[in-house]
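The lines below spell out each chain.
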Amino acid sequence: MSITPQIEPLAKIKSKRMIKLLTSGKRLDGRGLLDYRKIEIKNGVIEKAEGSALVSLGETKVLVGVKIETGSPYPDLPNQGALTVNAEFVPLAHRYFEPGPPDENSIELARIVDRGIRESGAINMESLVIIPGRLVDVVFVDIYILNHDGNLIDASGIAAISALLNSKLPVYRVNESGEAEKTEEYNPLPIRDCPIPVTLAKINDKIVLDPSLDEENTASAKLTMTFTKDGKICAIQKSGIGTFTLQEVIEAQKIAREKANEIRKNFFREWI
Amino acid sequence: MRMFERRQLVTPGELLAEGDYIAGENTYKEDNKIYSQKLGLVDFDDKKVFVVPLRGKYIPKVGDVVIGQISDVSLNGWSVDINSPYKAILSVSDVTGKAFSPKLDSLTKILGIGEIVIGKITAFDRSRDPTLTIKGSGLGRVSDGLIVNLTPTKVPRLIGRKGSMINILKRETGCEIVVGQNGRILILGKNPKKVELAVKAIKMIEEQAHISGLTDRIKSFLRAGRGE
Amino acid sequence: MVTVQKLINEEGLRVDGRRLDELRPIRMEVGLLANADGSAYIEHGKNKIIVAVYGPKEAQPKHVSLHDRAVVRCRYHMAPFSTDERKSPAPSRREIEISKVVREALEPVIFTEYFPRSMIDIFIEVLQSDGGSRCAAITASSLALADAGIPLRDLVVGCAVGKVEGKLVLDPSDIEDKLGEADMPIAFIPVLGKISLLQMDGMFTEEEFIKALNMAKEACMKIYALQKQTLKEKYLQVEKEVRESLTLKE
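What counts, and at which threshold
Residues numbered from 1 in each chain as written. Chains lettered and ligands numbered in written order. Predicted model: local features only at pLDDT ≥ 70, side-chain atom pairs only at ≥ 80, totals over all residues. Heavy atoms only, no water. Pairing = 2+ DSSP bridges. Helix = DSSP H or I, 4+ residues; strand = E, 2+ residues; numbered from the N terminus. Axes fitted to C-alpha atoms, helices over the stretch in contact; angles between N-to-C directions. Contact = heavy atoms within 4.5 Å. Buried area = accessible area lost by both parts, 1.4 Å probe. Salt bridge = Lys/Arg side-chain N within 4 Å of Asp/Glu carboxyl O. Polar contact = N/O pair within 3.5 Å; in protein donor to acceptor, adjacent residues only side chain to side chain. Nonpolar A, V, L, I, M, F, W, Y, C, P; charged D, E, K, R; others polar.

> Now, about the sheet that holds strand β15 (residues 176-179) of chain B: what can you tell me, with residues and values included?
All names here are of chain B. Spatially, β14-β16-β15 is the arrangement adopted by the three strands of the open sheet, whose pairing is antiparallel. On the outer flanks of this sheet lie β14 (146-149) and β15, each paired with one strand and no other. Neighbouring strand axes in the sheet, compared pairwise and without regard to direction, differ in orientation by 25 degrees on average. Two elements, β15 and strand β16 (residues 184-188), share four bridges in a ladder whose sense is antiparallel. Counterpart to E176 in the pairing with β16 is L188. Sheet strands in contact with helix α5 (residues 192-208) are β14, β15 and β16, and its direction is about 15 degrees off that of β14.

Structure below.
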């Protein structure tokens, strides 16, 4: 059951200052309304994973590990590999986080990242079939939040695609009795697109990019849009109890598309 | 400009009036426009626009007489269910008139869980639970009778203008009737047939609350019922 | 053997005979559950959804309450028999996410500030599912809230737009959602002109996105008229008698 969350209120003078600064186009940390915090991507940080990436977005830190195993295909998609995205809000990332099964926020995060990857067709699922209808590669994308300072979606989405881009795919050989045997060889995981999620938050009718945690706690709503390399929208999610006008949504979409391109230009040059 | 005539049915969000009007009960104003907050009947009182709701919960008001049911006992008083989003607090000193001594007194012996009280709201501002008193004439513990529930928004109709309706009900049935503003009605009567008649009349008011001429209909209904 | 099913025929009609911009049949009802403070039922296409609202009531457990407003709880749940194959009654990840976004779609219209420390429960049971069940659930939930007499800024309306064989289609059904290229559910608050739910998965160009938004909004206005009619029909007799007696008196 979903319930109105209890949000720790910001110190009054801080939120007052935040809102005052916003009207003059500035933010508490000195950024402009449509600036990202500093983005860093470290690839291949976990050797035992088939792929991995550690992304920092300001103080937000997200680690994504990709494990690739074998399994049965989905019954309705017998000739495709499978993808599973999961997010863990581990307690070390913030005092808000409690150990336990995933709550609605981590489920929502995982599903937004999942939709971006799946709907963009980023992974060539048809090439992940080992024995048609019986055995396929299953790609597990596990999102680990290490430090939460807002905008987990963008950090997770960037980390997920980075990890997939450096993932290696184990090669299987089907023997005479029709059984699959793992070889020592690896191929790169076949990737066809580079989906980038961009999140905007609405604070007092101002739209800001890449909200910090303080900003998220003050914002009435957020809007995340994920774009393919061709600038098409492949996933959208509005969250929070605020609302957007039609015009705001259309404008947000233009900003987000531009920002997704900017990220690709800076970090995924081969995907422009 | 009025968008509706008096007592037309309106739904939440419907534009009721535009321009120089005052937003009354169950309406809200934005950009000089007045909208309904509830499903109900719109009405106008000079410049005031308001909506008489058809449905809704009882919200305590200071001075209201309510009928409550003891739902919990704590160290220094009782928690009373008054059919509202907020439980009322009844303190020990209000009931016993003296300081409570945990050694000598047992609160559950004075008022047990499930017991019914007639009380009056003494304080409430939504930031704290309402407080209740059961001291005063007509208030106190209820040991007998029948409780009937009525939609709280319809209580004013049961009472009638200056008590006209409830007085007819009492007179014609010979029952003692206590109306809680929270939609709980206590009926006390020796004759079970007359009690039943009172219950039926209250149900009739529930169904026809918003129709005028109700007083006369209830009167003839009760007289016919008595004649049987 | 895979048979490729065409979802739009030569005449531009869809599998169920609708035009691209046509809604499925919609039927609604309010006040059908005696125990709930408010209730509503909707049939939208093959969707059959029942909603109950309880509250405002005492917040339980107490520690979840907020000092300045009512908290809203929402549960979107699918009956095991609501789908082609039996669905486990345990809430799936999809249902957990939908419970959240539906709550967030409804909360903006509720005057929660009138009832600090209290709780409003919205229980949605999908008895039979079809495409656009979260949208139909939102449409019905706002009716149930109104039926409970909870003060609202407006009703909330849900509708989706999909993409099938390269064309935008209004209010996609189950099969169009499954085989189509995109699905974008929205919830719209007509009086405020605001969007309170917006999700999408699939593939839209900018042009398609803007067109789809407007299509969904227009359809929401049509459903909004039906919502108001449903609420009024229930009490039409009351209004008629009241107004008759009023003219007699004056």
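There's more to say after this.
> Provide a residue-level description of the arrangement of the chains, including the pertinent values.
Where two pairs of chains are in contact, the pair with the most contacts is made of chains A and C. Where chain A comes nearest to chain B, the C-alpha atoms are still 16 Å apart, and the two do not contact one another.

> Would you mind going over the interface of chain C and chain B in detail, with residue names and values included?
At the interface, 39 residues of chain C touch 34 residues of chain B. Contact between chain C and chain B buries roughly 3,200 Å² in total, counting both sides, with carbon and sulfur atoms accounting for 55%. Along the contact surface separating chain C from chain B lie six salt bridges. Across the pair B:D129 and C:R117 runs a salt bridge, and its minimum N-O distance is 3.0 Å. Taken together, the connections running from chain C to chain B amount to 14 residue pairs in polar contact (both at pLDDT 80 or more). Residue assignment for the side of chain C that touches chain B shows that the elements contributing at least two residues are β3 (47-58), α2 (133-147) and α4 (206-249) of chain C. Per-element tally for the side of chain C that touches chain B: the top contributor is α4(C), with 14 residues. Looking at the side of chain C that touches chain B, its residues break down into 20 nonpolar, five polar and 14 charged.

> Residues and numbers for the sheet that holds strand β2 (residues 38-44) of chain C, please.
Strand order in the open sheet formed by six strands is β1(A)-β4(C)-β5(C)-β3(C)-β2(C)-β1(C), with mixed pairing between adjacent strands. The open sheet terminates on both sides in strands that have one partner only, identified here as β1 (2-3) of chain A together with β1 (26-30) of chain C. On top of the sheet, helix α1 (residues 93-106) of chain C reaches β1 of chain A together with β4 (71-78) and β5 (118-128) of chain C; it is set at about 140 degrees to β4(C), its chief contact.

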